[in-house]
Amino acid sequence: MEWRGTGILLAVRRHGESSAIIEVFTPDQGRHAGVVRGGTSRKIAPILQPGAQLDVAWRARLEDHIGSFTVEPIRSRADVAMADRLSLAGLNTVTALLSFCLPEREPHAPLYTRTEQLLDLLGQPEIWPLAYLRWEVALLEEMGHGLDFSACAVTGSLDDLVYVSPKTGRAVSRNGAGDWADRLLPLPDVLRGVGPAPDAEIIQGFATTGHFLRNHLAANLGNRPLPEARDRFVEAFNRQV
């Protein structure tokens, strides 16, 4: 059994004396693990940095075996990430969330494309937080927890949509919220893709997507806690605002 493709390195852990087990995210094979022989060597270890773009070839005797990878570097993102604290926190968040929530060996080609585009924006702090927020919305959609901001869930109105139902993920208008307003999540314009996207709205957006990541996505995965890297990234962004 074998295949070859391009992937984003999500995680690395030591295996035995000199090998490593890696997880890569590819458009056709999804999140896929395998052993890299000599993965801790001086030649290969510098290649195996989370976020790196790799050419990978996987081979195993049987399909359900963990198998082994051979890897060739395409593009490293470590230098860009290490140059800026927010970029490093963002890179760690993306790789941690994907490793956390993607089913093994299940393709998610649209999310792969979005992820590659997002990581290629690292080092551009003026646009990266907004791009990352939109990526979280896409991640929720891909994982079956999509948010619907098209119309008010209560009245059907298309106007004055300022809240999100924490249960359904649907928009609620100011009029439709009524006495329930204090129990709803904020729906800043930035989440609906309108307006100039000020930092204060991006922070509100993180609060809303964070609710669904923790209470819907993570809860559906056996109530495992969301990776701490996500909170560290949001805190790093808040400190810069």
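Further up the page is the structure itself.
Described in the following lines is the structure provided in the data block. (Residues numbered from 1 in each chain as written. Predicted model: local features only at pLDDT ≥ 70, side-chain atom pairs only at ≥ 80, totals over all residues. Heavy atoms only, no water.)

Glancing now at the environment of Phe149. In this structure, Phe149 sits in the loop between α4 (128-142) and β6 (161-164). Through-space distance from the C-alpha of Phe149 to that of Pro46 is 43 Å; in sequence the pair is 103 residues apart. (Helix = DSSP H or I, 4+ residues; strand = E, 2+ residues; numbered from the N terminus.)

Of all hydrophobic cores here, the largest spans 53 residues; its most connected members are Val94, Leu98, Tyr132, Trp135, Leu139, Phe206 and Phe233. Looking at this core, the elements that each hand over two or more residues are β1 (2-15), α2 (85-101), α3 (109-119), α4, β6, β7 (171-173), α6 (199-220) and α7 (228-240). When sequence neighbours within four positions are dropped, the list of residues in contact with Leu139 reads Leu97, Leu98, Cys101, Leu111 and Leu213. Judged by nonpolar contacts, the second largest core, of 16 residues, contains Val24, Ala52, Trp58 and Val71. (Core = buried A, V, L, I, M, F, W, Y, C linked by side-chain atoms within 4.5 Å. Buried < 20%, exposed > 50% of the residue type's maximum accessible area, 1.4 Å probe, protein only. Contact = heavy atoms within 4.5 Å.)

Bringing the pairing of strand β4 (residues 53-59) into the picture now. Counting buried positions along β4 gives 5 out of 7 residues, so the element sits mostly inside the fold. One ladder, built from 7 bridges, connects β1 with β4; its direction is antiparallel. Among the inter-strand pairings, Gly7 is bridged to a residue of β4, identified as Leu54. Note that β4 and strand β5 (residues 68-75) share 7 bridges and pair antiparallel. For Trp58, the partnering residue across the bridge sits in β5 and is Phe69. (Pairing = 2+ DSSP bridges.)

A separate point is the pairing of strand β2 (residues 19-26). For β2, the tally of buried residues reaches 8 of 8 residues, placing the bulk of the element in the interior. The two faces of β2 match: Ser19, Ile21, Glu23 and Phe25 on one face and Ala20, Ile22, Val24 and Thr26 on the other face are all buried. Two strands pair when backbone bridges link them, and β1 and β2 are joined in this way by 7 bridges, in the antiparallel orientation. Bridge pairing in β2 places Leu9 opposite Val24. Here β1 hands over to β2 after 3 residues, with Gly16 in that stretch at a positive phi of 70°.

Moving on to the pattern of salt bridges. Counted according to the given criterion, the structure contains 10 salt bridges. With its nearest N and O atoms 2.9 Å apart, the salt bridge here joins Arg230 to Glu136. On the criterion of sequence distance, the pair formed by Arg230 in helix α7 and Glu136 in helix α4 is long-range, its members being 94 residues apart. Accessibility expressed as a relative area gives 3% for Arg230, which makes it buried. Residues joined in a network through salt bridges with shared partners are Arg75, Arg77, Glu116 and Asp120. (Salt bridge = Lys/Arg side-chain N within 4 Å of Asp/Glu carboxyl O.)

On to the sheet that holds strand β8 (residues 185-186), then. Ordered in space as β7-β6-β8, the 3 strands form an open sheet in which the pairing is antiparallel. In this open sheet, the two edge strands, each paired with only one partner strand, are β7 and β8. Alignment of β6 against β7, held across 3 bridges, turns out to be antiparallel. Bridging from a neighbouring strand, Tyr163 pairs with Val172 of β7.

Glancing now at the sheet that holds β2. The 5 strands lie next to each other as β1-β2-β3-β5-β4, forming a closed barrel whose pairing is mixed. Shown here is a sheet whose adjacent strand axes are inclined to one another by a mean of 50°, direction ignored. Inspection of the sheet shows strand β3 (residues 30-36) paired to β5 by 2 bridges, in the parallel sense. Among the inter-strand pairings, Val35 is bridged to a residue of β5, identified as Ser68. Where α2 meets the sheet, it contacts β1, β2 and β3, and its direction lies at approximately 100° from that of β1. (Axes fitted to C-alpha atoms, helices over the stretch in contact; angles between N-to-C directions.)

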